[in-house]
Amino acid sequence: TVFNGEEVGALLGLHLLEKEIDLDGKNVSIFIDSQALVQAMETRKTKSGQWYLEKITQRLRRWLKQHQTSKVAVHWISAHSGVELNELVDEAAKEAAQGESSERGKLPKELRGELPWAAAALKQTHEKKLNQEW
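These numbers come from a predicted model, not from an experiment.

**Quick look at the nonpolar core**
For step 1, the next point in the chain: Ranked by internal contacts, the top residues of the largest apolar core, which has 21 residues, are Ile30, Ile32, Leu37, Met41 and Ile56.
For step 2, the next point in the chain: Put simply, the parts of the chain that give this core at least two residues each are α1 (2-19), β1 (27-32), α2 (35-43), α3 (51-66) and β2 (71-76).
For step 3, the next point in the chain: Counting residues per element, this core draws most heavily on α3, which supplies five residues.
For step 4, the next point in the chain: Contacts of Ile30, omitting those with residues within four sequence positions, involve Leu14, Val72, Ala73, Val74 and His75.

Now the structure itself:
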């Protein structure tokens, strides 16, 4: 689903954040163009079946534990708002959706293997197949 794509993007962003050095004591802002994901991340509670969100929360908690003097703020940014970095991220997401993604070894460990299907994605796929058969 689109929401799962946003979650994968957040996981990738946190993976890059973990690779940065010299962030102790600094405030970090993460901008996401999905209001639903921003709200889900703010609650920091996951429900059964929210595999991606659980991985995001785990990574964020681990990073904050390692950088106790730092703070992370998650903000919503309007999609296609002309913000240069947001446009670059959107373009990279389109390339990934077309199969042009990073080498598996460079991806976060959670994204290297078979990814779980979300219930909503399974339902969409099933309904699409049914409609095609009609």
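**Notes on α3**
For step 1, the next point in the chain: Counted at 1.5 Å a residue, the expected span for α3 with its 16 residues is 22 Å, and the 23 Å between its end C-alpha atoms agrees.
For step 2, the next point in the chain: Buried residues in α3 make contact with α1, β1, α2 and β2.

**Describing the packing of aromatic side chains**
For step 1, the next point in the chain: Applying the stated criterion across every chain yields a total of one aromatic pair.
For step 2, the next point in the chain: Plain terms: the ring middles of Trp51 and Tyr52 are 5.1 Å apart, the flat faces sit at 85° to each other, and that makes the pair edge-to-face.

**Overview of the pattern of salt bridges**
For step 1, the next point in the chain: Tallying each qualifying case throughout the model produces two salt bridges.
For step 2, the next point in the chain: Between Arg59 and Glu18 there is a salt bridge; the shortest N-O distance is 2.2 Å. With Arg59 in helix α3 and Glu18 in helix α1, this pair connects stretches of sequence that are 41 residues apart.
For step 3, the next point in the chain: A relative accessible area of 4% places Arg59 in the buried class.
For step 4, the next point in the chain: Take Glu18: its relative accessible area is 26%, and that puts it in the partly exposed class.
For step 5, the next point in the chain: In this structure, Arg62 and Glu18 form a salt bridge, with 3.1 Å as the shortest nitrogen-oxygen distance. Of this pair, Arg62 sits in helix α3 while Glu18 sits in helix α1, and the two are 44 residues apart along the sequence.
For step 6, the next point in the chain: The class for Arg62 is partly exposed, based on a relative accessible area of 34%.
For step 7, the next point in the chain: The network of salt bridges with common partners includes Glu18, Arg59 and Arg62.

**Some words on α2**
For step 1, the next point in the chain: Those residues of α2 that sit buried are Leu37, Val38, Ala40 and Met41. In an axial view of α2, the angular spread of the buried residues amounts to 165°, which keeps them on one side of the axis.
For step 2, the next point in the chain: As for α2, its buried residues are in contact with α1, β1, α3 and β2.

**Describing the pairing of β1**
For step 1, the next point in the chain: Of the two faces of β1, the one lined by Val28, Ile30 and Ile32 is fully buried and the one lined by Asn27, Ser29 and Phe31 carries no buried residue.
For step 2, the next point in the chain: Direction of pairing for β1 relative to β2: parallel, over a ladder of six bridges. Of the residues in β2, the one forming a bridge with Val28 is Val72.

**Looking at the packing of α1 against α3**
For step 1, the next point in the chain: Between α1 and α3, the least distance of the axes is 9 Å, while the angle of their chain directions is 20°. On the basis of their axis angle, the class for α1 and α3 is roughly parallel. Crossing handedness for the pair α1 and α3: left-handed. Residues Asn4, Glu7, Val8, Ala10, Leu11, Leu14, His15, Leu17 and Glu18 of α1 pack against Tyr52, Leu53, Lys55, Ile56, Arg59, Leu60, Arg62 and Trp63 of α3.
For step 2, the next point in the chain: Tallied by class, residues from the contact of α1 with α3 come to ten nonpolar, two polar and five charged.

So, how was this worked out
- Residues numbered from 1 in each chain as written.
- Predicted model: local features only at pLDDT ≥ 70, side-chain atom pairs only at ≥ 80, totals over all residues.
- Heavy atoms only, no water.
- Core = buried A, V, L, I, M, F, W, Y, C linked by side-chain atoms within 4.5 Å.
- Buried < 20%, exposed > 50% of the residue type's maximum accessible area, 1.4 Å probe, protein only.
- Helix = DSSP H or I, 4+ residues; strand = E, 2+ residues; numbered from the N terminus.
- Contact = heavy atoms within 4.5 Å.
- Expected span 1.5 Å × (residues − 1).
- Phe/Tyr/Trp six-rings, centres within 6.5 Å; stacked < 30°, edge-to-face > 60°.
- Salt bridge = Lys/Arg side-chain N within 4 Å of Asp/Glu carboxyl O.
- Arc of directions from axis to C-beta.
- Pairing = 2+ DSSP bridges.
- Axes fitted to C-alpha atoms, helices over the stretch in contact; angles between N-to-C directions.
- Parallel < 35°, antiparallel > 145°, perpendicular 65-115°, else oblique.
- Left-handed = near helix turned anticlockwise from the far one by under 90°.
- Nonpolar A, V, L, I, M, F, W, Y, C, P; charged D, E, K, R; others polar.

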